[in-house]
Amino acid sequence: MHTSGPHRPLETPDPRRLVPRTDEVLADPRLVEAVARVGRPAVKQAVVAAQERARAGTLAPAEVADAAVAALPARASSLGPVVNATGVLLHTNLGRAALSAAATDALVAAAGPTPVELDLATGRRSGRGRGVTEALAAAVPDAGAVHVVNNGAAALVLAATALAAGREIVISRGELVEIGDGFRLPDLLTSTGAALREVGTTNRTALADYTAAVGPATGFVLKVHPSNFVVTGFTAAVDVADLSTLDAPVVADIGSGLLAPHPLLPDEPDATTALRGGADLVIASGDKLLGGPQCGLLLGRADLVHRLRRHPLARALRCGKLTLAALEATLRVPPTPTAAALASRQEDLRKRADQVAGALRARGVDATATTSEATVGGGGAPGVALASAAVRLPEPYAERLRRGTPPVMGRVAGGYCLLDLLAVPADADQSIVDAVVAVGTAGSGAG
């Protein structure tokens, strides 16, 4: 009887042999499309990472392409959309004002070749951003001329350099503010070659203090709105109308960018009132209460604005075409999301909060609606509370939502995560529901 040799068990194939080759995975149509969206290096890195997981046995070889697709970002830039449910309307860390649909469309349209310095009728070079200059001048007719630079601090630097380099800027001690991220107004101003002539005290400054300081060495008198804090009690300050009686130009840095008075913010300075009060030059930011892109606005006497526009530093501080396009559309097509949020009624926000909370409870999430107080933020209207409403969730949701897709930024208060709806457009309510359900399903013990 014939017998075979010793029985040899079937060898298990090495799983590494089953991992698809890189070129095979990259040929997946989804990854071919992703190369155009986020670039080949990012796609290849995601593929290699998925292959390593398969070789380690934590991912089936057949799932390599799926895992690579899932790991890719939605776009090449790390700056993606975030739902601002913090209750801070102009959140500096979130880029301040959300652009309107008109401004967003204008920005995209200007992304390619665009006549930023060309007159299409004549084929000749024209003034840069003439459209936005016309729109800004129409919005603030009290200004003799207008100019736009890349942010509010740049506007102040340009004014100080052109009007006071080698001379003195007279300013109240109570207005020598820190403007954020450690930048201090005195350092910014003296970096231009101007000297500061401080007058008054921290809490009280009188017109006589300015009068005694103004002289032949004065470049201008600077009035700064202390937009990110409030001083109360035994205080005194001098308004623009009184400063305009001095024998020196008055520059008013109003900060938050209101072009005209706002009924909800009666103590917030605006460009129109400052100019009518006698300011020779008004400086403001475009990405705050104006609701536009980040930029600095210079409005005032035609001769002063012309000096600023023709100063060599103006070239270094000019705006790009995307900013110009977005700002022009912001000015021409109101209202902005910022203006709409300020006009929101608390009862309407509460109805939305009730609906969102109800939808979440139906999905098993511990959610309730509550009234809330929001703020303007962005260095605007300090101390002003805006009536709002929020969805209240268990506190662990705050971090989970922040790490979700899209990220939802709420705030933690009283041991809860609050999703304030003031800065959230109504058409984003469902995205909040979806985000909360997604992170609640992925996590545990949060609702």
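So, here's what we can say about the structure. (Residues numbered from 1 in each chain as written. Predicted model: local features only at pLDDT ≥ 70, side-chain atom pairs only at ≥ 80, totals over all residues. Heavy atoms only, no water.)

Among all positions of helix α12 (residues 302–310), only Leu304, Val305 and Leu308 are buried. Along α12, the residues classed as buried sweep out an arc of 95° about the axis, all on the same side. Turning to α12, the residues buried within the fold contact β4 (145–149), α7 (152–164), β11 (281–285), β12 (296–300) and α13 (313–316). (Buried < 20%, exposed > 50% of the residue type's maximum accessible area, 1.4 Å probe, protein only. Helix = DSSP H or I, 4+ residues; strand = E, 2+ residues; numbered from the N terminus. Arc of directions from axis to C-beta. Contact = heavy atoms within 4.5 Å.)

One open sheet holds the seven strands; their spatial order is β4-β12-β11-β10-β9-β5-β8, and the pairing between them is mixed. Each end of this open sheet is capped by a strand with a single partner; those strands are β4 and β8 (195–199). Across the sheet, the mean angle from the axis of one strand to that of its neighbour is 25°, orientation sign disregarded. Bridge count for strand β5 (residues 168–172) against strand β9 (residues 218–224) is four bridges, and the pairing is parallel. Bridge pairing in β9 links glutamate 168 to threonine 218. Here α7 sits on the sheet and contacts β4, β5, β9, β10 (250–255), β11 and β12; the angle it forms with β11, its principal contact strand, is near 155°. Packed on one face of the sheet, α12 meets β4, β11 and β12 and runs near 30° to β4. (Pairing = 2+ DSSP bridges. Axes fitted to C-alpha atoms, helices over the stretch in contact; angles between N-to-C directions.)

Moving on, we get to the sheet that holds strand β17 (residues 416–420). Ordered in space as β13-β14-β17-β16, the four strands form an open sheet in which the pairing is antiparallel. Sheet topology places β13 (368–374) and β16 (411–413) at the edges, where each strand pairs with a single neighbour. The sheet shows a mean angle of 45° between the axes of neighbouring strands, taken without regard to direction. Sitting on the sheet, helix α16 (residues 346–361) is in contact with β13 and β14 (386–394), with an inclination near 10° to β14.

Counting residues in hydrophobic clusters, the biggest one holds 41 residues, and the most contacted among them are Leu360, Val391, Leu393, Leu401, Leu419 and Val436. When contributions to this core are tallied by element, the ones reaching two or more residues are α15 (337–342), α16, β13, β14, α17 (397–402), β17 and α18 (429–442). The leading source of residues in this core is α18, at six residues. Ignoring any residue separated from it by four or fewer positions in sequence, one finds leucine 360 in contact with Val365, Ala367, Val391, Leu393, Val433, Val436 and Val437. Counting 31 residues, the second-largest nonpolar core is a separate cluster that includes Ala160, Leu188, Val224 and Leu298. (Core = buried A, V, L, I, M, F, W, Y, C linked by side-chain atoms within 4.5 Å.)

The step from proline 334 to proline 335 runs through a cis peptide bond, and the omega angle for that step is -5°. Among the secondary structure elements, proline 335 is positioned in the loop between α14 (321–332) and α15. Each neighbour pair has its own omega, and for threonine 405 with proline 406 the value is -5°, a cis peptide bond. With respect to the element layout, proline 406 can be found in the loop between α17 and β15 (408–409).

As a further point, take the packing of aromatic side chains. This structure, assessed with the given rule, holds zero aromatic pairs. Its guanidinium or amino end placed over the ring of phenylalanine 234, arginine 204 lies 4.0 Å from that ring's centre, counting from NZ or CZ. Positioned above the aromatic ring of tyrosine 416 is the side chain of arginine 392, whose terminal nitrogen or guanidinium carbon lies 4.7 Å from the ring centre. (Phe/Tyr/Trp six-rings, centres within 6.5 Å; stacked < 30°, edge-to-face > 60°. Lys NZ or Arg CZ within 6 Å of the ring centre and 35° of its normal.)

Let us now look at the packing of α7 against α12. α12 packs onto α7 with a crossing angle of 100° between their chain directions and a minimal axis gap of 9 Å. What the angle tells us is that α7 and α12 run roughly perpendicular. Together, Leu158, Ala159, Ala162 and Leu163 of α7 and Leu304, Arg307 and Leu308 of α12 make up the contact between the two elements. Across the contact of α7 with α12, the residue classes break down as six nonpolar, no polar and one charged. (Parallel < 35°, antiparallel > 145°, perpendicular 65-115°, else oblique. Nonpolar A, V, L, I, M, F, W, Y, C, P; charged D, E, K, R; others polar.)

Secondary-structure assignment places aspartate 119 in strand β2 (residues 118–119). Residue class for aspartate 119 comes out buried when judged on its relative accessible area of 18%. Beyond its immediate chain neighbours, meaning those up to four positions away, aspartate 119 contacts Arg124, Ser126 and Arg130.

Bear in mind that shape data such as this cannot, by itself, settle questions of function.
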